[in-house]
Amino acid sequence: KNEVEQSPQNLTAQEGEFITINCSYSVGISALHWLQQHPGGGIVSLFMLSSGKKKHGRLIATINIQEKHSSLHITASHPRDSAVYICAVGTSGSRLTFGEGTQLTVNP
Amino acid sequence: GAGVSQSPSNKVTEKGKDVELRCDPISGHTALYWYRQSLGQGLEFLIYFQGNSAPDKSGLPSDRFSAERTGGSVSTLTIQRTQQEDSAVYLCASSLGGQGAYEQYFGPGTRLTVT
C-alpha cells in the first residue's frame, strides 16, 4: 500500500461543476502539499497545509489530521483547470512523498 | 523575481554516456530537492540538500547517480553510464527550509532521453 493514496485517478467534469479530489496518507506528516501539473509538465504548488482549511480563488484545500485525509475542491470548474493534481506529504525527513496524481479534464 | 531554472531543457544521450543536469534555485532558498518523473509515473524523490550538504540521498537509484551543490546555490545531478531506464523528466525544487514543511518551487525540468 502506498503511503499516499489519491482518488479518483481520473476525473472528467463539465464546466461549472464542483470538483473534489481526495488524498489519504498513512504516515505522520509535517505538512501536506497540493500540486498542479499542466500538460506541458510544469509543476506549481497550490497549497501547503498542516491543519484546517485554506482558500485561494476557486480552490479550497482541507485537511483532517486525525483521519489523515485531505481534500482539494474546485468550485465553478473551468477547462483551464484541466491538469494533473498531486497530493504530497512532508514527513520527519525532508523528502516529499507523492500520490500518483489525479488527471482532471474539464469539458466546455 | 526569478524562479527555479534548469538546464538543459532537453537532453538526448546515447546509452553508456555520462550526463550532467543543472539546477539554479531561487536565491536565498537553503533547501534544494531533485525528483524524477518517468513516463506515466508519479514523482520520485532522489536527493535533498540543505545548504551544501545532502542529509538525505536515499532516493538515488544506484551509484551511477550523484549530485553536488556548491555555494549553497547551484546544484548538479550527474548520471554516469546512462541506461535506457534513466529516461525521465528530472525536476529540481527549492524552498526556504526543509522538513517538507515549506512550500517548494519547482523548475521546468530536464527531459532526458537515453537511446
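Anything mentioned here points back to the structure above.
Residues numbered from 1 in each chain as written. Chains lettered and ligands numbered in written order. Predicted model: local features only at pLDDT ≥ 70, side-chain atom pairs only at ≥ 80, totals over all residues. Heavy atoms only, no water.

1. Side note on the interface of chain B and chain A
To keep things clear, this is the line we draw: The contact criterion used is simple: two residues touch if any of their non-hydrogen atoms lie within 4.5 Å. The definition of a polar contact used here is a pair of N or O atoms within 3.5 Å, where within protein one atom must be able to donate a hydrogen and the other to accept one, and adjacent residues in sequence count solely through side-chain atom pairs. A run of H or I in DSSP counts as a helix once it spans at least four residues, and a run of E counts as a strand once it spans at least two, with each numbered from the N terminus.
Counting residues at the interface gives 19 residues for chain B and 18 residues for chain A. In this assembly, chain B and chain A are joined by 2 residue pairs in polar contact (both at pLDDT 80 or more). Those elements that place two or more of their residues in the side of chain B that touches chain A are strand 4 (31–37) and strand 5 (43–50) of chain B.

2. So, the side chain of Ser45(A)
To keep things clear, this is the line we draw: Throughout this description, buried means an accessible area under 20% of the type-specific maximum (1.4 Å probe, protein chains only), exposed means over 50%, and partly exposed covers the range between.
Mapped onto the elements of the fold, Ser45(A) is located in strand 5 (residues 43–49). Given a relative accessible area of 13%, Ser45(A) falls into the buried group. Here Glu103(B) takes part through its side chain, which lies 3.2 Å from a polar atom of the side chain of Ser45(A). Setting aside residues no more than four positions away along its own chain, Ser45(A) makes contact with Trp34(A), Leu35(A), Glu103(B) and Gln104(B).

3. Regarding the layout of surface pockets
The line we're drawing: For each structure, a 1 Å grid was placed over the protein atoms alone; sets of points admitting a 1.4 Å probe that cannot get out are labelled cavities, open sets with protein on both sides within 12 Å along at least five of seven lines are labelled pockets, and lining residues have an atom within 4 Å of a point. Grid points are joined across faces, edges and corners, and a volume is the space filled by probe spheres set on the points. Each residue gets one label: Ala, Val, Leu, Ile, Met, Phe, Trp, Tyr, Cys and Pro are nonpolar, Asp, Glu, Lys and Arg are charged, and the others, such as Gly, are polar.
Volume-wise, the largest pocket comes out at about 660 Å³. In this structure, the largest pocket is lined by 32 residues; those nearest its centre are Gln37(A), Gln37(B), Ser38(B), Gly40(B) and Gln41(B). Sort the elements by how many residues they give to the lining of the largest pocket and strand 11 (residues 110–114) of chain B lands first, with 4 residues. Its residues placed into classes, the lining of the largest pocket shows 10 nonpolar, 20 polar and 2 charged.

4. A word on the pattern of salt bridges
Should their charged atoms come close, side chains of opposite charge can pair. Residues and elements named next belong to chain B. Short version of the rule: Salt bridges are identified by distance alone: a Lys or Arg side-chain nitrogen within 4 Å of an Asp or Glu carboxyl oxygen.
For the coordinates displayed, the defined rule picks out 5 salt bridges over all chains. For Arg22, the salt bridge goes to Asp24, with nearest N and O atoms at 2.8 Å. Between Arg64 and Asp86 there is a salt bridge; the shortest N-O distance is 2.8 Å. Of this pair, Arg64 sits in the loop between strand 6 (53–56) and strand 7 (65–69) while Asp86 sits in the loop between strand 8 (75–79) and strand 9 (88–95), and the two are 22 residues apart along the sequence. For the pair Arg64 and Asp86, a shared accessibility class is recorded, and that class is buried.

5. Examining the pairing of strand 8 of chain B
Residues and elements named next belong to chain B. Threshold: For two strands to be treated as a pair, DSSP must find at least two bridges joining them.
Counting buried positions over the 5 residues of strand 8 gives 5, a clear majority of the element. Neither face of strand 8 is exposed, since Ser75, Leu77 and Ile79 on one face and Thr76 and Thr78 on the opposite face are all buried. The pairing of strand 3 (residues 19–24) with strand 8 spans 5 bridges and is classified as antiparallel. Bridging across to strand 8, Val19 finds its partner in Ile79. Pairing of strand 7 with strand 8 involves 5 bridges; the strand directions are antiparallel. From the neighbouring strand, Phe65 faces strand 8, where its bridge partner is Ile79. Linking strand 7 back to strand 8 in an antiparallel pair, the connection comprises 5 residues, with Gly71 at a positive phi of about 60°.

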